[in-house]
Amino acid sequence: MLTVDDVLEQVGEFGWFQKQAFLILCLLSAAFAPIYVGTVFLAFTPDHRCRSPGVAELSRRCGWSLAEELSYTVPGPGPEGQAFPRRCRRYEVDWNQSALGCVDPLAGLAANSSLLPLGPCRHGWVYDTPGSSIVTEFNLVCDDSWKVDLFQSCVNVGFFLGSLGIGYIADRFGRKVCLLATTLISAILGVLTAVAPDYTSLLLFRLGQGLVSKGSWTAGYTLITEFVGLGYRRTVAILYQVAFTVGLVLLSGLAYAVPHWRWLQLAVSLPTFLLLLCYWFVPESPRWLLSQKRNTQAVKIMDHIARKNGKLPPPDLKMLSLEEDVTEKLSPSFAGLFRTPHLRKHTFILMYLWFTSSVLYQGLIMHMGVTGGNLYLDFFYSALVEFPAAFIILVTIERFGRLYPLAGSNLVVGAACFFMIFISHDLHWLNIVVACVGRMGITLAFQMVCLVNAELYPTFLSGFGAGCRGNDAASSGDQGGRFARDHQGRGEPAEESKAQRKQDLRSDPNIRIQLAGTRERCFAGDRVAEMRTELSSEEMLGSPKLFLLLACP
């Protein structure tokens, strides 16, 4: 039976069609960056102090500089250098009284200004910034500073809740439907966020955007990796995530050029509507169509891909199928992620890896906003280190596999975060260097988790599995988890022929379903005549160990 990978080898694994789809979907990946970490600029907290009626008039009358005004009218740091009194308390003084002089106006009220009573900021705050953020507009400082964290938490809660349903939608109704629907809703909610009249509506819109935006990114990841051939799948998956890094770099420049949060939110939301052009340029995944027994549509799409690449489709294209002949329609289910011991183990491990990677990645990004330096440059520098991280993955993954790079990158980021505890805030440059090293490590870990995820689940479970783990990545459409490990040079079964073993596998419906999620193939460039795929007893749902001898093309 002809498979999608077989057809792509003949019509182009990364031809004109795939390049066009890749560029369009990379725009989608870049557009996800402002949603994921846009809080750094939308909710930045500038230096601030209590607004005291009469201070501005007294300062103008006395001709004070800003430094003199702060020295005379704003409380000093609290115990052990704490800035809380300076930002959240004011002198209980009537600044309009005529007895106040221009030189040390508080000297006549108390021998030491520290003895004067302090009160809360009843008249709002003065913010030392030329722009605006949700903090300055809704006064999310001092006793209300926790609302800034709630703003970002709403997005993360949306990611979590949305991942439970969006992944299922992608597997149940198709990647393209999921992509278009979530992109449209995310764009609308982004615009509504920019015009939100109050803090409560802002939270609701942000929560809604979190519910759908990750599904949009995941659907794009799944589509592009299912369109390309086996030899390009890993590279395309990594470069799709590099496009997210490009979005981070562009975000820092855009935030610098547009310092007002409402205009910035509009600037990153309105272009998202253009991504709806995917309807005309990006078809449904043929692999998903085959898993749903919609073979006629899959054949038409593969014929379209061949013609766009300037190649003739193979004459037996109508025989297109999954890796094995599966008569029933494969449907996603939550229980499918835990059906076997190996599935359970891998699912729980990926859950943990996703949780730690997400927390550390966002934490290191948010750290850039509290280092005391230039927010835009710090964010820009930390984003740049993600590019060498992607290059390191590309050149090391084949040589060292998945386990060692994943473990090593987690050790690097863990060590960086540990040492940052002991670095003084005065050593700004050292804080930035260590944070960037940690950022590179967590980027490596994050991308490795995405790749491992792409190699563990079958097509009909890929989006659902990614969603239920809260993972950013979706399956690369490799027809399943590589529970089957390819081996070379380990001898051959002595007695049964390949045809007989295939017939034995077809006799058990459970084995057939499992085999549909198994890639039996030869790696590109291997000059071997035969390979065998070993399927362990646990992975074959309790069946005995079986060895399937395969002929390389």
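Within any chain, residue numbers begin from 1 and follow the written order of that chain's sequence. Reporting of local features is limited, given that this is a predicted model, to residues whose pLDDT is at least 70; pairs of side-chain atoms are given and counted only at 80 or more, and all residues count toward the totals for whole chains, interfaces and linings. Heavy atoms throughout the structure, all of them, feed into the side-chain values; hydrogens and water do not.

### Comments concerning the side chain of S291
Helix and strand assignments follow DSSP, with helices taken as H or I runs no shorter than four residues and strands as E runs no shorter than two, numbered in order from the N terminus. Topologically, S291 is positioned in helix α14 (residues 286-291). Any N or O atom pair separated by 3.5 Å or less is treated as a polar contact, with the protein-specific requirement of one donor-capable and one acceptor-capable atom, and with residues adjacent in sequence counted only for side-chain atom pairs. At a separation of 3.3 Å, a polar atom in the side chain of S291 contacts the side chain of Q292.

### Here we look at empty space enclosed by the protein
In this analysis, the protein atoms alone were mapped onto a 1 Å grid. Cavities are point sets where a 1.4 Å probe fits without being able to get out; pockets are open sets with protein on both sides within 12 Å along at least five of seven lines; lining residues have an atom within 4 Å of a point. Grid points are joined across faces, edges and corners, and a volume is the space filled by probe spheres set on the points. A full pass over the atoms with the stated rule returns 8 cavities of 30 Å³ or more. One number sums up the size of the second largest cavity: a volume of about 140 Å³. If you go around the second largest cavity, you meet 15 residues; those closest to its centre are A31, F32, I35, S186 and T272. The set of elements that each furnish at least two residues to the lining of the second largest cavity consists of α2 (16-37), α9 (175-194), α10 (199-227) and α12 (261-269).

### Comments concerning the state of the cysteines
Any two cysteine sulfur atoms within 2.5 Å of one another count as a disulfide. What the rule picks out here adds up to 3 disulfides. Note on cysteine connectivity: C62 is disulfide-linked to C102, with sulfurs 2.0 Å apart. When the S-S torsion is -75 degrees, as for the bridge of C62 with C102, the disulfide is left-handed. Pair noted here: C62 is in helix α4 (residues 55-62) and C102 is in the loop between β2 (90-91) and β3 (118-119), with a separation of 40 residues, a long-range link.

### Let's talk about α4
Residues V55, L58, S59 and C62 constitute the buried set of α4. Relative to the axis of α4, the buried residues are bounded by an arc of 100 degrees and lie together on one face. Residues of α4 that are exposed and angled more than 90 degrees away from the buried face: A56 and R60. The criterion used for residue contact is that any of the two residues' heavy atoms lie within 4.5 Å. Where the residues of α4 are buried, they touch α5 (66-73). G63 sits one or two positions beyond α4 and adopts a positive phi of about 70 degrees. Each residue's exposure class comes from its accessible area (1.4 Å probe, protein chains only) as a fraction of the maximum for that residue type: buried when under 20%, exposed when over 50%, partly exposed otherwise. Arc definition: directions from the helix axis to the C-beta atoms.

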